[in-house]
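# Fold and contact review
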Amino acid sequence: MFSNLQDKLDRAFKVLKGQGNITEINVAETMKEIRKALLDADVNYKTAKTFTDDVKQKALGENVLSSISPGQLLTKIMNDELTSLMGGEVNELDLSKNPTVILIAGLNGAGKTTFTGKLASFLKDKKGKKPLLVAGDVYRPAAIDQLEVLAEQVGVPVYTDRNSTDPIAIAKAGVEEGKRNGNNVIIVDTAGRLAIDEALMTEITAVKDATQPNEILFVVDAMTGQDAVNTAKTFNDRLDFTGVVLTKLDGDTRGGAALSIKSVVNKPIKFIGTGEKMDALDVFYPDRMASRILGMGDVVSLVERAQQQFDEKQAAELQKKIRKNKFDFNDFRSQIQQIKKMGNMKDLIGMIPGAGKALKDVEIEDDAFKPIEAIIDSMTPFERENPDAIDQKRRSRIAKGSGTNLDEVNKLLKQFMDMRKVMKQMSNPAMAAKMMRNMPKMPGKPF
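Bear in mind the structure is a predicted one, so any value in this text is a computation, not a measurement.

Residues annotated by UniProt as "domain: SRP54-type proteins GTP-binding" (unreviewed entry) correspond here to residues 268-281. What you have in residues 268-281 is 0% helix and 43% strand, and the ends, taken at the C-alpha atoms, are 16 Å apart.

Structure, rendered in structure tokens:
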């Protein structure tokens, strides 16, 4: 996500490295590179110019302290301005009405229907709501079938009327159905087009009038960059939507839409889609996204994802097993499953400060755990529970059964034993403190 923009901004900051102070000349040179990086990321030209002008003025008005470098100061200013550019603070859904009607709009291919399912899952699991989906796309083949499949996956009801081709009547009837059944959130999926046309805009406006939604969310493909912003402006002029959803942020996103859309339409980004799975939906936090764009990571989001998979009772039992040196391959496999549920590996690594830049040229596959899982699955229940009993003969059989080789099995077993040893030591506070004291001191100045 935004890797190209990160690289170009990093190169721009290098202009100030080694400089003792901030001057109009070195800031102007840096701003030129930053503006070029933003334009390459398909950011709106007016937005890019205003942004760099604001950063320049603030940078020239700051005194560089002896404890920080000009580059560090500019990074701080950039972080603040990027946060402001993308909305400043989080804007969550207004769910105060009962029922809350949410209208989903956008062009074909942006991921409206998938987002509709994700939003229902988010509201049901994280907000304790009772949503109903309304299948209002009567034009796209299999659109209704897709929504029914998604609804079944996330465990929510869906209203359909396959005998009708009137999206306005369907939307209105769906809202009435939700009210009768006590659904406190009603999400209406609407039809899109391959491009904006008057028929689409007239129809979606009529659906809005018929349903009187509390929230109108415009779904846009983040990979389309500046085109996404232009489409958003056209929709906003007719619908006056309440928020934007950026999908496909797990792809090769240049960042233009995320950085431009708020300044052009003056509507907040409320959600971002980060994958195809139904739980791959995040509330949009401008400050966290700014940190990620600047390569500073997003530890808060990483911790939140980990907490969603965290089972307190299971963790307590695992802690007991570690202390008794009983941590086995069943526990290890369970930990792998929890990590996989947190999201794709590249996205997770990008949240760790510095890791995104350090590993930018390393190809990290989403199925990186597959060989490990294959090896564990090829073990017998006895072997998984008793790793110390896996002798050379068993290792050869496991290698054949998992489609790997003996070296890979030996490597995994060695890493597992080393990890188990460290985990046991770290579970003992006295031993952990001793290990920390004995760690070699790193040369150079601390951060």
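As a further point, take the environment of serine 263. Among the structural elements, serine 263 can be located in helix H10 (residues 256-265). A residue is classified by how much of its surface remains accessible, and serine 263, at 39% relative accessible area, is partly exposed. Residues serine 263 and valine 229 lie 34 residues apart in sequence; the distance between their C-alpha atoms is 9.8 Å. When near neighbours in sequence (up to four residues on either side) are disregarded, serine 263 contacts Thr47 and Leu85.

Soluble, globular proteins show a tendency: their nonpolar side chains are buried together. By size, the foremost hydrophobic cluster in this structure holds 60 residues, and its most contacted members are Met78, Leu82, Phe235 and Leu246. Looking at which element gives the most residues to this core, the answer is helix H4 (residues 70-85), with 6 residues. The residues that make up this core include at least three from each of domain 1 (3-86) and domain 2 (100-296). Grouped together as the second largest cluster of nonpolar side chains are 27 residues, Ile102, Ala120, Leu217 and Phe271 included.

Next up on the list: the side chain of asparagine 183. Within the secondary structure, asparagine 183 sits in the loop between helix H7 (167-181) and strand S4 (185-190). At 3.3 Å, the side chain of asparagine 183 and the backbone oxygen of lysine 130 are in polar contact. Excluding its chain neighbours within four sequence positions, the residues that come into contact with asparagine 183 are Asn98, Pro99, Lys130, Pro131, Leu132, Pro157, Glu177 and Gly178.

The geometry of an aromatic ring pair is captured by the separation of the ring centres together with the interplanar angle, meaning the angle of the planes. In the structure shown here, the tally under the stated rule is 8 aromatic pairs. With a centroid separation of 5.3 Å and an interplanar angle of 80 degrees, the aromatic rings of phenylalanine 122 and phenylalanine 271 are classed as edge-to-face. A residue pair is termed long-range when its members are at least 10 positions apart, and phenylalanine 122 in helix H5 (residues 112-126) and phenylalanine 271 in strand S7 (residues 269-273) qualify at 149 residues. Overall, the relative accessible area of 3% leaves phenylalanine 271 in the buried class. Aromatic side chains phenylalanine 218 and phenylalanine 241 sit 5.3 Å apart centroid to centroid with 10 degrees between the ring planes, which places their arrangement in the stacked category. Of this pair, phenylalanine 218 sits in strand S5 (residues 215-221) while phenylalanine 241 is found in the loop between helix H9 (226-239) and strand S6 (243-247), placing the two residues 23 residues apart along the sequence. The pair phenylalanine 218 / phenylalanine 241 is uniform in exposure class, with both members buried. These aromatic residues form a ring-pair network of at least three members: Phe327, Phe329, Phe332 and Phe416. Sitting over the ring of phenylalanine 241, lysine 267 keeps its end group 5.5 Å from the ring centre. In this structure, arginine 288 is placed above the aromatic ring of tyrosine 285, and the distance from its NZ or CZ to the ring centre is 3.6 Å.

It is the contact of helix H8 (residues 198-211) with H9, at a shortest axis distance of 10 Å, that shows an interaxial angle of 45 degrees. The orientation of H8 relative to H9 falls into the category oblique. Remark: the crossing between H8 and H9 carries right-handed chirality. Across the interface between the two elements, Glu198, Leu200, Met201, Thr202, Ile204, Thr205 and Lys208 from H8 touch Thr234, Phe235, Arg238 and Leu239 from H9. Of the residues belonging to the contact of H8 with H9, the class tally is 5 nonpolar, 3 polar and 3 charged.

S5 sits mainly inside the fold: 7 of its 7 residues count as buried. Of the two faces of S5, the one lined by Glu215, Leu217, Val219 and Asp221 and the one lined by Ile216, Phe218 and Val220 are each fully buried. With 4 bridges connecting them, strand S1 (residues 100-105) and S5 associate as parallel partners. The residue of S5 that forms the bridge with leucine 103 is isoleucine 216.

What follows concerns helix H3 (residues 45-60). In this model, H3 (16 residues) spans 23 Å end to end at C-alpha, consistent with the 22 Å of a helix rising 1.5 Å per residue. Listed as buried for H3 are Thr47, Ala48, Phe51, Thr52, Val55 and Ala59. Considered in projection along H3, the buried side chains sweep an arc of 120 degrees and stay on one side of the axis. For H3, the exposed residues set more than 90 degrees away from the buried face come down to Tyr45, Lys46 and Gln57.

Let us look at the sheet that holds strand S3 (residues 158-159). Read across the sheet, 8 strands follow the order S3-S2-S4-S1-S5-S6-S7-S8 without closing on themselves; strand pairing throughout is mixed. Where the open sheet ends on each side, the last strands, each with one partner, are S3 and strand S8 (281-283). Bridge count between S7 and S8: 3 bridges; the pairing is antiparallel. The partner of isoleucine 272 across the bridge, within S8, is aspartate 282. Sheet strands touched by helix H6 (residues 143-154): strand S2 (131-136), S3 and S4. Its angle to S2, the strand with the most contacts, is close to 165 degrees. Here H8 sits on the sheet in contact with S1, S4 and S5, set at roughly 175 degrees to S1.

Quick look at the environment of lysine 262 now. Summarising the element assignment, lysine 262 is placed in helix H10. For the pair lysine 262 and leucine 85, spaced 177 residues apart in the sequence, the C-alpha separation amounts to 6.9 Å. Not counting residues up to four positions away in its chain, the partners in contact with lysine 262 are Leu85, Met86, Gly87, Lys267 and Pro268.

Procedures and definitions
- Residues numbered from 1 in each chain as written.
- Predicted model: local features only at pLDDT ≥ 70, side-chain atom pairs only at ≥ 80, totals over all residues.
- Heavy atoms only, no water.
- UniProt positions renumbered as here; feature names shortened; annotations may be inferred.
- Helix = DSSP H or I, 4+ residues; strand = E, 2+ residues; numbered from the N terminus.
- Buried < 20%, exposed > 50% of the residue type's maximum accessible area, 1.4 Å probe, protein only.
- Contact = heavy atoms within 4.5 Å.
- Core = buried A, V, L, I, M, F, W, Y, C linked by side-chain atoms within 4.5 Å.
- Domains from an automatic or database assignment.
- Polar contact = N/O pair within 3.5 Å; in protein donor to acceptor, adjacent residues only side chain to side chain.
- Phe/Tyr/Trp six-rings, centres within 6.5 Å; stacked < 30°, edge-to-face > 60°.
- Lys NZ or Arg CZ within 6 Å of the ring centre and 35° of its normal.
- Axes fitted to C-alpha atoms, helices over the stretch in contact; angles between N-to-C directions.
- Parallel < 35°, antiparallel > 145°, perpendicular 65-115°, else oblique.
- Left-handed = near helix turned anticlockwise from the far one by under 90°.
- Nonpolar A, V, L, I, M, F, W, Y, C, P; charged D, E, K, R; others polar.
- Pairing = 2+ DSSP bridges.
- Expected span 1.5 Å × (residues − 1).
- Arc of directions from axis to C-beta.

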